[in-house]
Protein chains: 2
Amino acid sequence: MTESKSAALETALAYHRAWTSHDFELAMTYVAEDIVCQAPAGPVVGGKAFREFMGPFSQLVTHSALFAAFGDDQVAVLMYDTDTISVKDAPGAEYLTVTDGKIRHLRIIFDRVPFAAARQAATNQ
Amino acid sequence: MTESKSAALETALAYHRAWTSHDFELAMTYVAEDIVCQAPAGPVVGGKAFREFMGPFSQLVTHSALFAAFGDDQVAVLMYDTDTISVKDAPGAEYLTVTDGKIRHLRIIFDRVPFAAARQAATNQ
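Residues numbered from 1 in each chain as written. Chains lettered and ligands numbered in written order. Predicted model: local features only at pLDDT ≥ 70, side-chain atom pairs only at ≥ 80, totals over all residues. Heavy atoms only, no water.

### Describing the overall build of chain A
Right, on to step 1. When helices and strands are counted, chain A shows four helices and seven strands.
Right, on to step 2. Listed by position from the N terminus, the elements making up chain A come as β-α-α-β-β-α-β-β-β-β-α.
Right, on to step 3. Over its C-alpha trace chain A gives a radius of gyration of 14 Å, about what one expects of a compact globule, namely 14 Å for 125 residues.
Right, on to step 4. In terms of overall dimensions, chain A has C-alpha extents of about 50 × 30 × 25 Å along its principal axes.
Right, on to step 5. Considering only contacts within chain A whose residues lie at least 6 apart along the sequence, 52% involve residues at least 24 apart.
Right, on to step 6. Counting every atom, chain A has about 5800 Å² of accessible surface; 55% of that belongs to carbon and sulfur. (Helix = DSSP H or I, 4+ residues; strand = E, 2+ residues; numbered from the N terminus. Rg over C-alpha atoms; globule rule 2.2 N^0.38 Å. Contact = heavy atoms within 4.5 Å. Areas by Shrake-Rupley, 256 points an atom, 1.4 Å probe, with all protein chains shown as cover.)

Here it is in C-alpha cells:
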C-alpha cells in the first residue's frame, strides 16, 4: 500500500479505518456537520444526509483493502477495494478536504453499475 | 489542484496531458506494451487492447480538469473531471504503476451509469 503522511491524510485514514471496520459512529466523529459529499448520483449535503448515504453501505462491507493513500496539509486521496454482501469487487476513490481535523468535502468516485445489477437481481428473485 | 512530484507522477502527468489534449499517440508513448489496465468492466490487457479502450474515449473529451495528482517513485494517483460529447461530468480516478518511464498497470475507477444512459438515449432516438 502506498502512503504519504500529512494532517489531512491522518484524518482521512482514521475515518476510513473506522467505517471499514464497521464503527460508523467513530467514523462520523471525523466528519464535519456541514460536509458536502459529491457522489456519483449527486451531492449529499450535511452530516445527517451523509450518515444516511454512507452508514448503510458501511454495514454491508465484508472486506476492504486500501491500495493508495496520499495527502498534504489540506487534502487526501484514498483508493480502496471493498467487497460487500451484494457486490464483490467494488473499488472506490475518495478526494477528501480536511479542516481542523474534520472532513468538510468528500468527492467519491465508484461504479454504480454492479450495485444496480445487484438490486435488479434481488428484485427478480 | 493538489500535486506532489515524483518520477512515476511525471510519467502519469505526461500521459494525462497528452490524452486529454487529444494527442493519443503521444499518450501511448508512456504506456508499456504489456500494460494491464483494470477497468470497471474488467481487465484490458496489452497495448493494442488499451488503445482500443482509451483511444475512442479520449477523442470524445471536450473538457478536462485534474483535481488531484500525487505519487512516489513507483506509483501515481490522478483524479480528474472530464466532460465528453455524450456525458457531462464524468470524473475518473487512476492508480498508475510506472517502471522505466512506462505505465505498466493502470487501475481506473469511474461510474459507468451515465455512459450507459447516454448509449440508451442514442439508441432511442
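### Describing helix α1 (residues 7–20) of chain A
Residue and element names in this part refer to chain A.
Right, on to step 1. Taking 1.5 Å as the rise per residue, α1 with 14 residues should run 20 Å; its terminal C-alpha atoms sit 20 Å apart, in good agreement.
Right, on to step 2. Among the 14 residues of α1, eleven are classified as buried, and the element is accordingly described as predominantly covered.
Right, on to step 3. Among the residues of α1, A8, L9, T11, A12, L13, A14, Y15, H16, A18, W19 and T20 are the ones counted as buried.
Right, on to step 4. One or two residues past the end of α1 sits H22, with phi positive at roughly 70°. (Expected span 1.5 Å × (residues − 1). Buried < 20%, exposed > 50% of the residue type's maximum accessible area, 1.4 Å probe, protein only.)

### A short note on the interface of chain A and chain B
Right, on to step 1. Residue-level contacts link 24 residues of chain A with 24 residues of chain B.
Right, on to step 2. In total, chain A and chain B occlude about 2000 Å² of area from one another, counting both sides; carbon and sulfur atoms represent 69% of this.
Right, on to step 3. Its largest share of buried area at the contact with chain B, chain A owes to F70, R107 and I109 of chain A, together 29% of the area lost on that side.
Right, on to step 4. One can count six salt bridges joining chain A with chain B.
Right, on to step 5. The partner of D89 of chain B in a salt bridge is R107 of chain A, with the nearest N and O atoms 3.9 Å apart.
Right, on to step 6. At the junction of chain A and chain B, the tally comes to five residue pairs in polar contact (both at pLDDT 80 or more).
Right, on to step 7. Residue assignment for the side of chain A that touches chain B shows that the elements contributing at least two residues are β4 (61–71), β5 (75–84), β6 (92–99), β7 (102–110) and α4 (113–124) of chain A. (Buried area = accessible area lost by both parts, 1.4 Å probe. Salt bridge = Lys/Arg side-chain N within 4 Å of Asp/Glu carboxyl O. Polar contact = N/O pair within 3.5 Å; in protein donor to acceptor, adjacent residues only side chain to side chain.)

### Considering the nonpolar core
Right, on to step 1. Counting residues in hydrophobic clusters, the biggest one holds 32 residues, and the most contacted among them are Y15, W19, F50, L78, L96 and L106 of chain A.
Right, on to step 2. A per-element tally of this core places α1 of chain A first, with seven residues.
Right, on to step 3. Among all residues touching Y15 of chain A, those that are not within four sequence positions of it are A27, Y30, V31, F50, M54, E94, L96, I103 and L106 of chain A.
Right, on to step 4. Ranked by size, the runner-up nonpolar core spans 31 residues in total, among them A8, A12, V31 and A69 of chain B. (Core = buried A, V, L, I, M, F, W, Y, C linked by side-chain atoms within 4.5 Å.)

### Quick look at the pairing of β7 of chain A
Residue and element names in this part refer to chain A.
Right, on to step 1. As paired strands, strand β2 (residues 31–39) and β7 are joined by four bridges and run parallel to one another. For V36, the partnering residue across the bridge sits in β7 and is H105.
Right, on to step 2. Judged from the eight bridges that link them, β6 and β7 form a sheet pairing that is antiparallel. If you follow Y95 over to β7, its bridge partner there is R107.
Right, on to step 3. Between the end of β6 and the start of β7, which pair antiparallel, lie two residues, with D100 showing a positive phi angle near 50°. (Pairing = 2+ DSSP bridges.)

### Considerations on the side chain of T82 of chain B
Right, on to step 1. Looking at the secondary structure, you find T82 of chain B in strand β5 (residues 75–84).
Right, on to step 2. Aside from chain neighbours lying at most four places away, what touches T82 of chain B is W19, F57, H63, S64, D89, A90 and P91 of chain B.

### Comments concerning the pattern of salt bridges
Working definition: two side chains of opposite charge can pair if their charged atoms are close together.
Right, on to step 1. Using the criterion set out here, one finds twelve salt bridges over all chains in the structure.
Right, on to step 2. Taking the shortest distance from any N to any O, the salt bridge between D81 of chain A and R107 of chain B comes out at 2.4 Å. Remark: R107 of chain B occurs in strand β7 (residues 102–110) and D81 of chain A occurs in strand β5; the pair is interchain, linking two chains.
Right, on to step 3. Judged by its relative accessible area of 8%, R107 of chain B is buried.
Right, on to step 4. Among the charged side chains, a network of salt bridges with common partners joins D81 and D89 of chain A together with R107 of chain B.

### Let's talk about unusual backbone geometry
Residues and elements named next belong to chain A.
Right, on to step 1. At H22, a residue that is not glycine, the phi angle is positive and equals roughly 70°.
Right, on to step 2. Considering the arrangement of structural elements, one finds H22 in the loop between α1 and α2 (24–28).
Right, on to step 3. Look at H22 and you get partly exposed, because its relative accessible area is 39%.
Right, on to step 4. Even without glycine at this site, D100 takes up a positive phi of about 50°.
Right, on to step 5. Taking the relative accessible area as the measure of exposure, D100 reaches 73% and is therefore exposed.

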